[in-house]
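# Chains, contacts and geometry: an overview
Residue-level listing of the chains:
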Amino acid sequence: MEDGRLLGMRVTPLNARRIENFKANRRGYWSLWIFIAIFFVTLFAEFLANDKPLLVRYDGAFYAPVFVAYPETAFGGDFETEAEYSDPEVQELIEEKGWILWPVIPYSFDTIVFDLPGPAPSPPTLQNWLGTDDQGRDVVARLIYGFRISVLFGLVLTIVSSMVGIAAGAWQGYSGGWTDLLFQRFMEIWSSMPQLFMLIILASFIEPTFWILMVFLLLFSWMGLVGVVRAEFLRGRNYTYVMAARALGVSDRKIMFKHILPNAMVATVTLMPFILTGSITSLTALDFLGFGLPPGSPSLGELLNQGKANLQAPWLGISAFLILAVMLSLLIFIGEAVRDAFDPRKTFRA
Amino acid sequence: MTGAATGDGPALLKVTGLKTHFPIRKGVLAHVTGQVYAVDGVSFEIRRGETFGLVGESGCGKTTVGKTVLRLIEPTAGSIEFEGRDITRIAKEEMRRLRQRMQIIYQDPYSSLNPRMKAADIVGEPLKVHKIVSGGALRERVEALFERVGLRPEQLDNYPHQFSGGQRQRIGIARALALSPSLIVGDEPVSALDVSIQAQVINLLMDLQEDYELSYLFIAHDLAVVEHISQRIGVMYLGRIVELTDKRTLFSNPLHPYSEALLSAVPIPDPGVTREGRVILTGDVPSPINPPEGCHFHARCPYATERCRMESPSLKEVEPDHWVSCHLHEGNVADATELRPERT
């Protein structure tokens, strides 16, 4: 049997079957593509929603304010500081000798819109498609950046906590005996701590940044995979081919990663999308409570909180809710499809 | 117990008084509540180029002997000498290097190969791990090994499930052979194969022995197979060797009542023959957790006396190179024959 190929990587027949199974689940398959498309677009949020123009033509020269900070004097202004492109005076200066190419949404997540029709939060208009929040910032821009930071945070947290969890579970299961017993008790104590309160307490005396928050959440999220990996390793260390590898003089680490870990991969990969949704949810929850990302960051949880505080401005709560609902549903659909694709007992239509 | 065999060639492996006990743990604190006396004082020697057969019914500890000899299971007591060197207590890393010289072939050709690895990677793994060859030379070595054990080089990149049972066992043999060891422990290497394949694999093992001067510790429960391949045979019962001699003596003149029973259980493939005086054992093997007092075999032995219930016999040389552990055969062989009671 020849191995197939996917994206230039060799794929075993078994994995080829899994990919087929995944594709057969239309809902999960399309969810994956939609999610990838949205995520890909938001990765370029700076080109989509920014208070700096994509391109400026001024006096016969091109300027790219997205990448480079130009002083106002470059466009014939008075100040040495970076040009405020949203300032009508600067715009006039530039348009005298050229033109400005704006992104689709001419606001960044932290741009305060001054020429609002009413007090902030102001309702949707042609300029601000979903209105502004209570500090006069454009909601669409905040949603785009908020989606990106949520998914990136979730992905990094999932990868890091999976690595920690797999390493811990592998070590625990492979060692067995007292190591296993003591570590299991430690896990029981650790996991019985009230996580949310611990995080709130921690966040209240250390000002959390993106990475500090990551470490906080990692403190508890790494335990998600330890159980399954440990079980696989407890079972795997007694397989005859593992004993055979030991008899050949293969080192413990090689045995763990080459001979036993692949068996744990199915359980791990199946759980990963759900860890991702869990990570995003916990970040949102902390943001909602005001213990998450530093103030001013574009965060979906913070927007939800604003929606709760400003019930007279339903565009805040509804848009944040919709984005979260779509994102989490897509991820759950993908997760279900992955889980089913790895299920050897499941049959699929051809 | 003394070394149970004295031979002409130098001993490659010398096992003395080997004991492997497994603790039984219970309760929250996992305190030891008992022991499984899997191997309880076993001594034997294997000479260079020799095949030593170890037979016994299931649960008698023969596999544990094999694994303990390779220190895949740690011995509780006794000593293992390999190539003149005591390896009973040497460090893990040193043992890892020594594994090049001693290998094992497993009983089950299905579970002993990693289903996710290609045949070439399985056979090449020991060479890679011990950094003997790599790259193109590795592939060549693996190919040569493949041909040596009777597999086609086109099959190098197949996965284990694409092979038959006999072919898989050949992969296992090639893997054991890769490091050119001097001792191979065969842990019932043919008992999972069907009879026609058994013969092929046995013949392959014997050919390899001749070519590479291998020594085998051949563990089996099938006496016909052991008779074919071994020069000397040890009969095990409940963690102890009860009789140890060359195969001709064992099959023509078994002295221990258990060996007798074992031999008379070998079927004769001729429906016309009715065998006289078959020794049929009653009862089951006692539990190795609570082995009986005295001789382990006394509960099932047709000749058991009061002494057998009280006192454990030791392995004694009753005639040159014929060791028996039985109170009936303590003098020389003449006495022993005299002492043997009439069969009923």
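Before any of the text, the structure's been laid out above.
Here we summarise the structure given alongside this text. (Residues numbered from 1 in each chain as written. Chains lettered and ligands numbered in written order. Predicted model: local features only at pLDDT ≥ 70, side-chain atom pairs only at ≥ 80, totals over all residues.)

### Some words on the overall build of chain B
As a reminder of what qualifies: Where helices and strands are cited, they refer to DSSP runs of H or I of at least four residues and of E of at least two residues respectively, numbered from the N terminus. It is over C-alpha atoms that the radius of gyration is taken, and the globule rule equals 2.2 Å times the number of residues to the power 0.38. Residue pairs qualify as contacts under a 7 Å threshold applied to their C-beta atoms, which are placed from the backbone.
Of the regular secondary structure elements, chain B holds eleven helices and twelve strands. Expected size for 344 residues packed as a compact globule is a radius of gyration near 20 Å; at 21 Å, chain B falls within 12% of this value. Its C-alpha atoms give chain B principal-axis dimensions of roughly 65 × 60 × 45 Å. Summarising the internal contacts of chain B: among those between residues at least 6 apart in sequence, 65% fall at separations of at least 24.

### Comments concerning the sheet that holds strand β3 (residues 55-58) of chain A
All names here are of chain A. Operational definition: Only strands joined by at least two bridges in the DSSP assignment are considered to pair. Lines fitted to C-alpha atoms define the axes, with helix axes restricted to the stretch in contact, and inter-axis angles between N-to-C directions lie between 0 and 180 degrees.
A sheet is described by the order of its strands in space; here three strands give the open sequence β4-β3-β5, paired in antiparallel fashion. The open sheet terminates on both sides in strands that have one partner only, identified here as β4 (61-63) and β5 (98-101). Each adjacent strand pair in this sheet contributes to an overall mean axis angle of 15°, direction not counted. Note: β3 against β4, three bridges, orientation antiparallel. Residue pairing in the sheet places R57 in a bridge with F62 of β4. Sitting on the sheet, helix α4 (residues 88-96) touches β3 and β5, and the angle it makes with β5 is about 125°.

### Comments concerning the nonpolar core
Put simply, the test is: By definition, a nonpolar core groups buried Ala, Val, Leu, Ile, Met, Phe, Trp, Tyr and Cys residues that connect through C-beta atoms lying within 7 Å of each other. The burial criterion counts other C-beta atoms lying within 10 Å of a residue's C-beta, which is placed from the backbone; the residue is buried at 20 or more, exposed at 12 or fewer, and partly exposed between these limits.
Membership of the largest hydrophobic core comes to 145 residues, with the highest contact counts inside it found for V123(B), A174(B), L217(B), F218(B) and V235(B). Of the residues forming this core, the biggest block, 14 residues, is contributed by helix α5 (residues 139-175) of chain A. Non-local contacts of L217(B), meaning those with residues more than four positions away in its chain, are made with I46(B), F52(B), L54(B), G66(B), V69(B), L183(B), V185(B) and G186(B). Core analysis: the second largest hydrophobic core is formed by six residues, V56(A), A83(A), Y85(A) and I94(A) among them.

### Thoughts on the packing of helix α5 (residues 165-177) of chain B against helix α6 (residues 195-212) of chain B
Residue and element names in this part refer to chain B. Keep this limit in mind: Oblique is the label for any angle not under 35 degrees, not over 145, and not in the 65 to 115 range, which are roughly parallel, roughly antiparallel and roughly perpendicular in turn. Each crossing gets its handedness from the near helix: less than a right angle anticlockwise from the far helix is left-handed, clockwise is right-handed. The residue classification treats Ala, Val, Leu, Ile, Met, Phe, Trp, Tyr, Cys and Pro as nonpolar and Asp, Glu, Lys and Arg as charged. All others, Gly included, are polar.
Contact pair α5 / α6: the axes reach a minimum separation of 10 Å and the direction vectors enclose 15°. Judged on the interaxial angle alone, α6 and α5 are roughly parallel. As for how α5 packs across α6, the hand of that crossing is right-handed. Contacts between α5 and α6 involve G165, G166, Q169, I173 and L177 on the former and, on the latter, I197, Q200, V201, L204 and L208. Residues of the contact of α5 with α6, tallied by class, amount to six nonpolar, four polar and no charged.

Treat this as a map of the structure, not an account of what it does.
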